[in-house]
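Single-letter residue listing:
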Amino acid sequence: MRLVLQFSSLCAVLAIAPSVLAAPPAIQSLSSATVTHNGRVRIFGTDFGKAPGLVEGASVEIGGVPVATARWEDGAISAYVTRDVPLGDTTLRVVTSEGASAAVPLTIEPLPPADGRVAWRFQVDGMGIQHRSGIGPDGTAIAVDALGFVYALGHDGLLKWIHDGPRRAGHEFGSGSEGPVAVGADGSSYVGIEPLGPDLQLHALAPDGTLKWILNEPWANTVSGPAIGPEGDVYWAVTAPGGGLQRLKPSGELVWSNVGEPPLSGAYYERSHELLFGPSRANGPIDQAYFAATLGDIYNGMPTPPFLYGFSLDGQQRFATYVKSMSGSFSPRGQAAVAPDGRVYLSSWGIPEGWGLHAYEPGSGERVWSYFPDPGNVVSMPEFDADGNLYVMHDGSYLTSLDAEGSLRWEIFMETGSKLGPSLSPDGSTILIDGMDIAPDGELDAYDSATGAPIWKVLFPIENGTYQMPSARARFTVDGTRAYVSTAIGGQPEEDVYGWLYAIEVEEATEPGETDGEGSTTGEPDPGTDTDATGEPGTSTGEPSSSSGKAPTTAPNETATGAETGADEGGDGGSSAGETGAQDDPGAEGCGCRSANPGGAGGLLLALPWLVRARRSRRGR
């Protein structure tokens, strides 16, 4: 009996030990005592416990107002100043179920005024944003970072809310590299989240950021989407067994699912692309969905063959066109595009053709014509104006415009360096190219779509002791006056990583430090000089000293070699309109790799291993 009582007493002590040993949180330091009105502040201390969403009662308060948080670890928290926090001197404290920390002083400053073309910038807690932001009907920009945190920012740059994707799904860690953010007409947003583990999830968020529903797909990868269809339903393509392309009501109800043929269950994931819609015939209603995928089984002797898929909006597969392309060179540019006449375009590389841009009929998926540029290294996806003229990049150095039948309109040589594809303004007048220059600095370049003449340039400064570069193509607002560009920062200190979302004014007048393509400039940040978040030379501490949204942004636009106009003369690297047969790619040399650009456009992806690290770990299952 005595032994039983002693054992019972021991069990009782062990049962209460965790609560006895737990302590209230204690703040030791902040990354900065001053933060801007949409800024991030890192909180360092002890006994912070687990994040909201995993436990009850955890929060960060600024001036008594609970604010949004991103990363939350026992010794460090990333907290954000939301728009409801008042300006001026205030205090910050951490609250857990064990109590509250002592309040520490913090000053909230207003957002800095626009700096040249940069209206504002916002610091995300992940290393970057892989996909283009979604834009709500009220102008809210919604982005998901590499860690799965979803951010909603007003047109004024103030933070509305943060959705912690992985933790709301009950996981401590996860990824947000599962496709772009899709925003419905009512302002609800839909985003793919990969919690730590084998599952894939689609999160539906109300306009105020509250979670509406979660769709869980076991052992899945994203192929394409999510995207909003013409009727307002949500489409996404996944590799889940029995999954494929799915159509869902905004309420989360499944309308239909089609695994496809060849089945998407074996798709080989590289980078989820945007799912697009278009007419199945010229001038017809929008009644089809398109995406490209690289499959993981053997097809015609190729280990990972890609296909261009077309589905009707009632769930019937219209075609799956085999694309002669090798995995690795296909995937970085495997984004389909739809022209005003309904034709579908896709760039790919294969033997013996090399790199090319191909036009396909929307009804049958039959290839209509191909364009094989010279040099023939990596060809981007195209963009189209209302007349059907298209704009495409190749070799990371050339910007080319073709008419609807593939004849050359003009071509310019851009500064050598790895770049992403073009983005065309809604009125068809301005092309934005975002990527890296030959020096380790990111940039955003604007060109006139009629001639290819350079208009202006924005350079992204040295950040966190290293360079930053665009991580997704620019997203224009509906009226075309603004574009949102995300950047990633390579080689950051492990103790603190982050990225930026920039709001760029497209139509703003020339400012100091900027040119219109013809004159000299002042105010260009030195790519070799370390700068803090205000753009002034300084010493990087791993965190901007004030989490400022301001940066030196507008910089000189070096005149390009000139726009070339007129028809393609002799077909040297020009269009093969109407030609679908094999053609030697003069830039291929067996692998499509001869290039005026030593790094090639693929170099940008090689510089971003974080984009695919989580996926590579799952392919072997």
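No experiment lies behind these values; they were computed from the predicted model shown.

**Q** Provide a residue-level description of the overall build of the protein, including the pertinent values.
**A** Tallying secondary structure elements over the protein gives four helices and 47 strands in all. The burial tally for the protein puts 59% of its 621 residues in the buried class. Sequence-distant contacts, at least 24 apart, represent 56% of the contacts inside the protein between residues at least 6 apart. Surface accessibility of the protein: about 22700 Å² in total, with carbon and sulfur atoms responsible for 54%.

**Q** Lay out the packing of aromatic side chains with the relevant residues and their values.
**A** Within the structure shown, the criterion is met by 19 aromatic pairs. Clustering of aromatic rings is evident, with ring pairs tying together Phe-291, Phe-307, Tyr-309, Phe-311 and Tyr-322.

**Q** Outline the pairing of strand 24 (residues 254-258), supporting the account with residue identities and numerical values.
**A** Relative to strand 24, strand 23 (residues 244-248) is paired through four bridges, and the arrangement is antiparallel. Its bridge partner lying in strand 24, Leu-245 is registered against Asn-258.

**Q** Tell me about the pattern of salt bridges, and name the residues and values.
**A** In total, this model carries 17 salt bridges according to the counting rule given. Of the charged contacts, one joins Arg-71 and Asp-125 as a salt bridge, the two residues approaching to 2.8 Å between their closest N and O atoms. Of the two residues, Arg-71 sits in strand 6 (residues 69-72) while Asp-125 sits in the loop between strand 11 (118-124) and strand 12 (134-135), which places them 54 residues apart along the sequence. Taking the relative accessible area as the measure of exposure, Asp-125 reaches 0% and is therefore buried. Measuring nitrogen to oxygen at the nearest pair gives 2.8 Å for the salt bridge that ties Glu-274 to Arg-132. A residue pair is termed long-range when its members are at least 10 positions apart, and Glu-274 in the loop between strand 24 and strand 25 (276-279) and Arg-132 in the loop between strand 11 and strand 12 qualify at 142 residues. The class of Arg-132 is buried, set by a relative accessible area of 13%.

**Q** Outline the side chain of Asn-389, supporting the account with residue identities and numerical values.
**A** For Asn-389, the location among the structural elements is in the loop between strand 33 (383-384) and strand 34 (390-394). Once residues within four sequence positions are removed from consideration, Asn-389 is found in contact with Glu-383, Phe-384, Leu-402, Asp-403, Ala-404 and Arg-409.

**Q** How would you summarise the environment of Ile-77 if you had to cite specific residues and measurements?
**A** Along the chain, Ile-77 falls in strand 7 (residues 76-80). In sequence terms Ile-77 and Gly-45 are 32 residues apart; their C-alpha atoms lie 8.7 Å from each other.

**Q** Which residues make up the sheet that holds strand 23, and what values go with them?
**A** Within a sheet, neighbouring strands are paired by backbone hydrogen bonds and run either parallel or antiparallel to one another. Strand order in the open sheet formed by four strands is 21-22-23-24, and the pairing between neighbours is antiparallel. What marks the edges here is a single partner per strand, and that holds for strand 21 (222-228) and strand 24. Strand-to-strand twist of the sheet, defined as the mean angle between neighbouring strand axes without regard to direction, takes the value 10°.

**Q** So what's going on with the nonpolar core? Which residues, and what values?
**A** Membership of the largest hydrophobic core comes to 22 residues, with the highest contact counts inside it found for Ile-43, Val-60 and Leu-92. Considering each element in turn, this core owes the most residues, three residues, to strand 10 (residues 104-109). Apart from the residues within four sequence positions on either side, Val-60 is in contact with Ile-43, Val-65, Pro-66, Val-67, Thr-69, Trp-72, Ile-77, Ala-79, Leu-92, Arg-93 and Val-94.

**Q** For the layout of surface pockets, give the residues involved together with the corresponding values.
**A** In this structure, the largest pocket spans a volume of roughly 1300 Å³. Lining of the largest pocket is provided by 40 residues; of these, Arg-132, Glu-274, Leu-276, Glu-383 and Arg-475 occupy positions nearest its centre. Those elements giving two or more residues to the lining of the largest pocket turn out to be strand 12, strand 17 (182-183), strand 21, strand 25, strand 29 (337-338), strand 33, strand 37 (419-424) and strand 42 (475-476). By residue number, the principal contributor to the lining of the largest pocket is strand 21, which donates three residues. Tallied by class, the residues present in the lining of the largest pocket amount to 26 nonpolar, seven polar and seven charged.

What counts and how
- Residues numbered from 1 in each chain as written.
- Predicted model: local features only at pLDDT ≥ 70, side-chain atom pairs only at ≥ 80, totals over all residues.
- Heavy atoms only, no water.
- Helix = DSSP H or I, 4+ residues; strand = E, 2+ residues; numbered from the N terminus.
- Buried < 20%, exposed > 50% of the residue type's maximum accessible area, 1.4 Å probe, protein only.
- Contact = heavy atoms within 4.5 Å.
- Areas by Shrake-Rupley, 256 points an atom, 1.4 Å probe, with all protein chains shown as cover.
- Phe/Tyr/Trp six-rings, centres within 6.5 Å; stacked < 30°, edge-to-face > 60°.
- Pairing = 2+ DSSP bridges.
- Salt bridge = Lys/Arg side-chain N within 4 Å of Asp/Glu carboxyl O.
- Axes fitted to C-alpha atoms, helices over the stretch in contact; angles between N-to-C directions.
- Core = buried A, V, L, I, M, F, W, Y, C linked by side-chain atoms within 4.5 Å.
- 1 Å grid on protein atoms, 1.4 Å probe; cavity = no way out; pocket = protein on both sides within 12 Å on 5 of 7 lines; lining within 4 Å.
- Points joined across faces, edges and corners; volume = space filled by probe spheres on them.
- Nonpolar A, V, L, I, M, F, W, Y, C, P; charged D, E, K, R; others polar.

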